[in-house]
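# Descriptive analysis of the structure
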Amino acid sequence: MESKKMVMIPGPTPVVESVRMQMGREIQAFGDPRFVKDFKGLIDDLGEMMDCDGKTFVVAGTGTLAMEMAIANTTKRGDRVLVVSHGFFGDRFIDICNAKGLETDTLQSEWGKTVPAADIEAALNSKDYAVITVSHVDTSTGVAADLRAIGEMIKKFPKTLFIVDGVCSTAGHYENMPEMNIDILFTGSQKAFGVCPGLFVLWANQKVLERRKSLGTIPEYYIDMERWMPVMDDPVKYFATPAINLIWALKESVRLIEAEGGIKARYERHLRHARAIQSALEAIGLTVLADKGCRAVTLSNALYPDGVVDLEFRKAIIEEGIIVAGGLGPYAGKMFRMGHMGNIDANDISAALSSVERALHRAGKLEKLGAAVGTYLTEIAAR
Ligand SMILES: *Cc1c(COP(=O)(O)O)cnc(C)c1O
């Protein structure tokens, strides 16, 4: 019998039945009062989720388009941007800013570590920046930035807008715009919301809307906030066709989050499971790339012990029933990345860890089976 293939990469994440059902619903017109009500309700719920005092945008496109929307609506050619990068996705902002003719400075951490808030403060003191970008969780390293510390420090620079890439964190890690002084936050549907790929959500506070207004006409069309604003206020209006079924799917995901007790409760669940998963990986001789003080709760990046051949390991683990992602950049071939965000439970995680053990055993790097699963189960029972 062929085994099931569980998708445990850091996005797309598993999509549960009730969310999936929304994708198969009969289509409605975007102006149908039933859909308009659903869409408006979703926009309002998402805004409340982050205490956003400005606008929430739900638009067809992926996380990368949201990155571009964030930059396009807050800067003009020649402006200076500070990119704080903890890996591959942090670096993507450099490319986007360069493409837009912005003056870009970068603070890069060693992979597995974060840039200290004091270093960011020193950079902000040295020049005037229109915006600063930080990825909350960089998917390439499994590192989580300390948004509270950065947000606190950034209060001293009221003219610099704080843009947070939440694509691998939002709805897994806890985030709140006013509490963390975030001006723009965005994510993609396929990560911790546990919805199929194809939508992004971008929250922009009042300060951002004022900045957008001050820019006048911008060169972008589809991602111009001013074109979407009337639609987000009143979704009966048309700008570009909303992704009807994805919007329903996201709405169901928000319902699941509320049923769980909100994003704080969801974060606590992610934290409890993530720490147990990370102990479990270490119990079988793998090394977690991120330093202990800055580990993400949405994914873990595990370095192989000497002698494991990446492609063989990942082929074996697929045969054993789960799909994990390979390492990126300097860690290509040296580690695998396992997502554990969204709507997954202890049974899913036990199964995934069991597959990791069997693949390591096949690679000749694990004699006695059960240590990872055992460690995980013991820790979540105690927490
Ligand atoms: C996945 C990811 C992105 C890119 O999102 P796409 O939906 O693939 O465009 C950006 N930033 C982070 C942190 C991510 O994890």
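Residues numbered from 1 in each chain as written. Predicted model: local features only at pLDDT ≥ 70, side-chain atom pairs only at ≥ 80, totals over all residues. Heavy atoms only, no water.

## Quick notes on the environment of E179
With respect to the element layout, E179 can be found in helix α7 (residues 177-180). Along the primary structure E179 and V356 are separated by 177 residues, whereas in three dimensions their C-alpha atoms are 38 Å apart. Not counting the four nearest positions on each side in its chain, E179 is found in contact with R148 and Y174. Within the local environment of E179, its side chain forms a polar contact with the side chain of Y174, the two groups lying 3.1 Å apart. (Helix = DSSP H or I, 4+ residues; strand = E, 2+ residues; numbered from the N terminus. Contact = heavy atoms within 4.5 Å. Polar contact = N/O pair within 3.5 Å; in protein donor to acceptor, adjacent residues only side chain to side chain.)

## Section: the sheet that holds strand β11 (residues 287-288)
Working definition: the strands of a sheet are paired by backbone hydrogen bonds and lie parallel or antiparallel to each other. One open sheet holds the four strands; their spatial order is β11-β12-β15-β14, and the pairing between them is antiparallel. The open sheet has two free edges, formed respectively by β11 and β14 (325-326), since each of these has just one partner strand. Bridge count for β14 against strand β15 (residues 335-339) is two bridges, and the pairing is antiparallel. Paired with A325 across the two strands is R337, which belongs to β15. (Pairing = 2+ DSSP bridges.)

## Structural notes on the pattern of salt bridges
All chains considered together, the criterion is met by 24 salt bridges. The salt bridge partner of D224 is R212, with a shortest N-O separation of 2.9 Å. With D224 in the loop between α8 (206-214) and α9 (225-233) and R212 in helix α8, the pair connects residues that are 12 residues apart, well separated along the chain. Since its relative accessible area comes to 5%, D224 is described here as buried. (Salt bridge = Lys/Arg side-chain N within 4 Å of Asp/Glu carboxyl O. Buried < 20%, exposed > 50% of the residue type's maximum accessible area, 1.4 Å probe, protein only.)

## Thoughts on the nonpolar core
Membership of the largest hydrophobic core comes to 93 residues, with the highest contact counts inside it found for L46, F57, I120, F186, F193 and L202. Broken down by element, the residue count for this core peaks at eight residues, all from helix α10 (residues 244-260). Setting aside residues up to four positions removed in sequence, L46 forms contacts with T56, V58, F193, V201, W203, L250 and V254. Within the second largest apolar cluster, 30 residues are counted, among which are F313, I317, A359 and L366. (Core = buried A, V, L, I, M, F, W, Y, C linked by side-chain atoms within 4.5 Å.)

## Observations concerning helix α5 (residues 117-126)
An α-helix turns once per 3.6 residues; consequently, residues spaced three or four apart project the same way. All buried positions along α5 are accounted for by I120, A123 and L124. Buried residues of α5 fall within an arc of 100 degrees about the axis and therefore sit on the same side. Structural note: α5 exposes A118, N125 and S126 on the side pointing more than 90 degrees away from its buried face. Turning to α5, the residues buried within the fold contact β3 (80-85), β4 (103-108), β5 (131-135) and α6 (147-154). (Arc of directions from axis to C-beta.)

## Things to note about the state of the cysteines
According to the stated counting rule, one finds zero disulfides in the structure shown. We note that C294 lacks a disulfide partner, and the nearest cysteine sulfur, in C168, lies 14 Å from it. Residue C294 is classed as buried on the basis of its relative accessible area, which comes to 10%. (Disulfide = S-S within 2.5 Å.)

## Focus: the packing of helix α11 (residues 263-283) against helix α14 (residues 371-382)
Where α11 meets α14, the closest approach of the two axes is 8 Å, and the angle between their N-to-C directions is 150 degrees. The orientation of α11 with respect to α14, classified from their angle, is roughly antiparallel. Between α11 and α14 lies a crossing whose hand is right-handed. Packed against α11, whose contacting residues are R272, H273, R275, A276, I277, S279, A280 and A283, the element α14 presents A371, A372, T375, Y376, E379 and I380 at the interface. Among the residues making up the contact of α11 with α14, the classes are represented as eight nonpolar, three polar and three charged. (Axes fitted to C-alpha atoms, helices over the stretch in contact; angles between N-to-C directions. Parallel < 35°, antiparallel > 145°, perpendicular 65-115°, else oblique. Left-handed = near helix turned anticlockwise from the far one by under 90°. Nonpolar A, V, L, I, M, F, W, Y, C, P; charged D, E, K, R; others polar.)

## Comments concerning α8
Three or more residues of α8 are buried, namely V208, L209, R211 and R212. Buried positions in α8, seen along its axis, are confined to an arc of 160 degrees and lie on one side of it. In α8, the exposed residues that point more than 90 degrees away from the buried face are E210, K213 and S214. On its buried face, α8 is in contact with β2 (55-60), β5, β8 (161-165), β9 (184-188), β10 (199-204) and α9. Phi turns positive, to about 70 degrees, at G216, one or two residues after α8.

## Here we look at the side chain of Q278
Residue placement: Q278 occurs in helix α11. Here Q278 falls in the buried class, since its relative accessible area comes to 2%. Among the polar contacts listed, one links the side chain of Q278 to the side chain of S300, at a separation of 3.1 Å. For Q278, the residues in contact, after removing those within four places along its chain, are V288, R295, A296, L299, S300 and H340.

## With respect to the sheet that holds β2
On the basis of which strands lie adjacent, the open sheet formed by seven strands has the order β2-β10-β9-β8-β5-β3-β4 and mixed pairing. Of all the strands in the sheet, just β2 and β4 have a single pairing partner and so form its edges. Here the average twist between neighbouring strands, direction ignored, is 15 degrees. Here β2 runs beside β10; their pairing, made up of six bridges, is antiparallel. The partner of V59 across the bridge, within β10, is F200.

In short, the description is geometric, and any link to function would need to be established separately.
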